[in-house]
Structures are given as structure tokens and as C-alpha cells.
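Understanding the architecture of this molecule
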Amino acid sequence: MEEKLSTLDPETIRALVRLVEENALTELTVEEDDFSITLKAEGAAQVIAAPAPTTQPETAPEDGLPRVQVRAPMTGVFYRAPSPTEPPFVEVGDHVEVGQVIGLIEAMKVFSEVPTDVAGRVVEIPAKNGDLVQQDQPLVVLVPEEA
Amino acid sequence: MSDALDAAEITRGLQTRWLGQALSVKAETDSTNSDCIALARAGAPAGSVVVADFQRAGRGRRGRQWAAPPGAAVLLSCLLRPKLPASAVGRLGMAGALAVVGALRQACGLEAAVKYPNDVLLSGRKVCGVLPEAHLSGGRVEWAVLGIGINVWPAAVPSELAARATSLAAHAPPLPRNTLIRCLLEHLEPRLEQADDDPEALAAAWRPLDVVLGRQVALTFGSLRREGLAADVDADGRLLLRQPNGAEEWLAPAEVTFRG
């Protein structure tokens, strides 16, 4: 048991704390054999997790149709609508054109419109309104329009 | 004293090369930012400026209303086509706030402060708000609109905000708005060029003016909140937050409030 504890030295724990903070995780559990450590962020109920960006530019899901992800060009807060009282820029099922705005990202009080550079049909919106998104995180998933 | 806005008066002797060389003044409009966004989409040149005496649907962050009666404020927006990566878009708000500080110093003899990310304060109260909006393409800023609203007369400050906001007239003798706008454009052009070409100079000008630095603050990112010491600002406009455990992070929050 003591041997296993020594694998989680203070430096490792500090690295895990950084991992939780940098990715805005609410909770992180690391298990190794019969030893485990759980880190919980303070005020976790307010925290929305921002998953690490995927490196896959396209995915091939079960239906066999290609997918294209519109990704966050910068880290910031994602908004699906121009203002809280207006409808979202896009919904699942919508057809989008090249250059069409799919959402806003706010950083440093600057609101930036994020357009898609691919036309297609929206099949998934993995980023939620008000989420802190990391650069390159998928915001909207499209089935691209056939040429 | 007449304080009517007049395009010819604003541009008379205007010492800028590209900012405000195309300038329109409107008695009223929905929002000068919306007007500039329409100009951007229509292909108008960088540096186009819209000034209004009254905004029917003036807005701040996320649909917050910005309402000032006619004649009480300076309301202007500029169309920009900066050479910025998306991650550096925060420099635009800093450039706007620093330009207002420079203009208030030169035109009114007032020493204003800034509050991260882009407010301007007189005696600790907000006298100016900056609302930048950008359109990104391929990870870069394709165009941006920088809206600036300055409370000139006390009527611009709603009574419910009197404890947190102020006007120029409460601190200095009245100055024609045309003169103030001309002075602001002359300070803004070099700051915007710094945002593009010399962001370290922008950050260096910012640091001694920012009331947030060295203070315990809470940062808000949507529903996420972080607390710590605001330790520094970098050339991309990010804030360095030092947490009680010593951990440091560079962050780009929209809202910063003081703790304690």
C-alpha cells in the first residue's frame, strides 16, 4: 500500500490539480489497483466541464456519413444566440451555408462571430450555451453537403 | 453653448490617416455597432466611423440596454479590419479604453483609470464602456467593430447606476462633443496600430492604469468563476490570475469583480 501511495507524490498531485483547474473539471478520479484519489473543484456545482479538444478533424459514425466539426477558434465563453432574448443561430437539423455564423465566443468582453467554412446539415451541437470552451474544441458537428 | 454633433466640425483638422476619414453622424439610430456591422458586410473600408446623438436600441454586453437621452453621451463605432489572430482580439478593447484615457487627458485634463478588460473610470466610477464585436474567419479576425460610449452629461447616467457610473461634466468643464470625438479618433488610431504591430507597447501603457492589477478579484466565464490575485496583463490582453495555492493561469475573462 505504501508503495502505491508513493506513486502519487506531491508533484504528481500538483499536476493533477493543474489538470482539474486548466480543464475546468468538476471532479477527477485517478485509480491505480486498489488505490484511488478524487479531486473535486471548489464550487463544483457552478463549474461546467470543458473537455480537452479532440484532434480528429472528422469522425465516421455508425450511419457512415462523414462529419465535420466547426471548432472554437479561441478560448472563451460560447453563446448559441446573438443575445439572451433571440433564437439560436443554428439548431440541429438546420442547413448552413459557407460563412454562416453558428455562434459567438466571448473573451475579454469581445464578442466574436464564429462562421462555418463548410456547408451542410447540423447533426450535433456539443457545446452548450454559456460553456467555457477551449481553443479547437468542437462547437457544432455537420454532415457536409455533397459536392 | 450648442453641443450639436456635426460631421464637418468633427473632421475639421482631424489628424488621422485612416480612422474617421469616412464618418457619418446620425441624429438617431438603433445602434452604432449595428450600423458598422452592416458597413462591414457591405465591404466598407477600415476606419469608417458612425456617430449618433441617440441610440434607440443601444446595447452593452449580452443584450444589456445602454440608454442615454439625446445629446448626453458620445456614441461612436469604428469599422476595423485588423491583422489579428482570433486569440488576440482582446487587444481591440484595450486599445479603445486607452484611447479614451488619452483623449480625456488631452481634451479635459482628466486622469482616468482603466478596469480590465476595457472600462474607463473616473474617481472609481465608470465613465466609458467599450463594446468590441468581431467576425472571425480561418482563425483570424476578418473584421471588427469597436463601439465606444462616453457619458458626457449627467443625464447619460441612470439614477440607479449613480453609485457606479459618472459623467465627464461631473469632473471637468463641458467640452463640445465634436472636439472630444476628434481628439478620441486621434488617440485611437495609434492605439489600434499598436494592437496590430506593437502589442507589448499596448500592454505597457495599460499596466500602470489598471485598477484591477494587484487586487483580489473574481473572474467570470459564463457559469464558471475563478478567484485570486490579478497579477499581470499580457500583450494579447490576457489576465494572469495567481491563486492562493500559488498556481498561475493566463485567462481571458469577460467580467472581473473585486473581492472583499
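Anyway, here's the lowdown on the structure attached to this text. Bear in mind the structure is a predicted one, so any value in this text is a computation, not a measurement.

This next bit is on the interface of chain A and chain B. The interface of chain A with chain B comprises 31 residues on the first partner and 38 residues on the second. Applying the counting rule to chain A against chain B returns two salt bridges. With a closest N to O distance of 2.9 Å, aspartate 119 of chain B and lysine 109 of chain A form a salt bridge. Remark: the boundary between chain A and chain B carries 10 residue pairs in polar contact (both at pLDDT 80 or more). Elements with a contribution of two residues or more to the side of chain A that touches chain B: α2 (10-22), β4 (76-79), β6 (101-107) and β7 (110-115) of chain A. Sorting elements by how many residues they give to the side of chain A that touches chain B places β7 of chain A first, with six residues. Classifying every residue of the side of chain A that touches chain B gives 20 nonpolar, five polar and six charged. Pairing geometry for β7 of chain A and strand β6 (residues 125-137) of chain B, over three bridges, is parallel. When the sheet's bridge partners are listed, serine 112 of chain A is paired in β6 of chain B with alanine 134 of chain B.

Each strand in a sheet pairs with another by means of backbone hydrogen bonds, the pair being arranged parallel or else antiparallel. All names here are of chain A. Spatially, β3-β10-β8-β5 is the arrangement adopted by the four strands of the open sheet, whose pairing is antiparallel. A single partner strand is all that each edge strand has here, and the edge strands are β3 (68-71) and β5 (95-96). Sheet topology places β5 next to strand β8 (residues 120-124); two bridges connect them, and they run antiparallel. Considered in β8, the bridge of valine 96 is made with glycine 120.

Residue and element names in this part refer to chain B. The topology assignment puts serine 31 in the loop between β1 (23-26) and α2 (32-41). Owing to a relative accessible area of 3%, serine 31 belongs among the buried residues under this scheme. Separated by 3.2 Å, the side chain of serine 31 and the backbone nitrogen of asparagine 33 make a polar contact.

What counts as what
- Residues numbered from 1 in each chain as written.
- Chains lettered and ligands numbered in written order.
- Predicted model: local features only at pLDDT ≥ 70, side-chain atom pairs only at ≥ 80, totals over all residues.
- Heavy atoms only, no water.
- Contact = heavy atoms within 4.5 Å.
- Salt bridge = Lys/Arg side-chain N within 4 Å of Asp/Glu carboxyl O.
- Polar contact = N/O pair within 3.5 Å; in protein donor to acceptor, adjacent residues only side chain to side chain.
- Helix = DSSP H or I, 4+ residues; strand = E, 2+ residues; numbered from the N terminus.
- Nonpolar A, V, L, I, M, F, W, Y, C, P; charged D, E, K, R; others polar.
- Pairing = 2+ DSSP bridges.
- Buried < 20%, exposed > 50% of the residue type's maximum accessible area, 1.4 Å probe, protein only.

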